[in-house]
Amino acid sequence: MAQYAILIFDDPTAGDYTPEQQEASKRYADELVASGAMVTAFALHGADTATSLRSDLVTDGPFVDSKEVVAGFYVVEAPDLDAALDLARANPAVAWGRGGLEVRPVGGSFTPAR
């Protein structure tokens, strides 16, 4: 089964999610886990904690100046892009108008031996 990374974009000026939004996000994640589609998920600290590298230049803040920043991402398994888009559409963050989602096929992965 193919894997798809779903990047969550958010408006950092919108503030924290409400308790209701946090609960809706947790329910959605629990549903993905229960369905077997969820591979992994990560929430990221705010863009103000980012450090960017470009060539030999190191700067504080996100790499791209944008009104939306990557707030987190998750990887799902789905038979095709249409099925991955259906999984992404069910994310409650889509309806909140704070940002959006981007779905990309995973080109490969590497898990180091420990």
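Our structure is the block above this text.
Rules behind the numbers
Residues numbered from 1 in each chain as written. Predicted model: local features only at pLDDT ≥ 70, side-chain atom pairs only at ≥ 80, totals over all residues. Heavy atoms only, no water. Pairing = 2+ DSSP bridges. Helix = DSSP H or I, 4+ residues; strand = E, 2+ residues; numbered from the N terminus. Axes fitted to C-alpha atoms, helices over the stretch in contact; angles between N-to-C directions. Salt bridge = Lys/Arg side-chain N within 4 Å of Asp/Glu carboxyl O. Buried < 20%, exposed > 50% of the residue type's maximum accessible area, 1.4 Å probe, protein only.

Undergrad: Looking at this model, I keep getting lost on the sheet that holds strand β5 (residues 69-78). Mind explaining?
TA: Note on sheets: strands pair through backbone hydrogen bonds, and any given pair is parallel or antiparallel. Strand order in this open sheet of 4 strands is β2-β5-β1-β6, and the pairing throughout is antiparallel. One side of each edge strand has no neighbouring strand; the edge strands of this open sheet are β2 (38-43) and β6 (99-105). Taken pair by pair, the neighbouring strands of this sheet meet at an average axis angle of 15°, ignoring direction. When β2 meets β5, the two strands line up antiparallel, connected through 5 bridges. By the bridge assignment for β5, Phe42 is matched with Phe73.

Undergrad: Explain the pattern of salt bridges here, please?
TA: The tally for this structure, following the rule as stated, stands at 5 salt bridges. Across the pair Arg98 and Asp10 runs a salt bridge, and its minimum N-O distance is 2.8 Å. Note that Arg98 is positioned in the loop between α2 (81-89) and β6 and Asp10 in strand β1 (residues 2-10), a separation of 88 residues in sequence. A salt bridge links Glu102 to Arg104; its shortest N-O distance comes to 2.4 Å. Judged by its relative accessible area of 26%, Glu102 falls in the partly exposed class. Judged by relative accessible area, which is 46%, Arg104 ranks as partly exposed.

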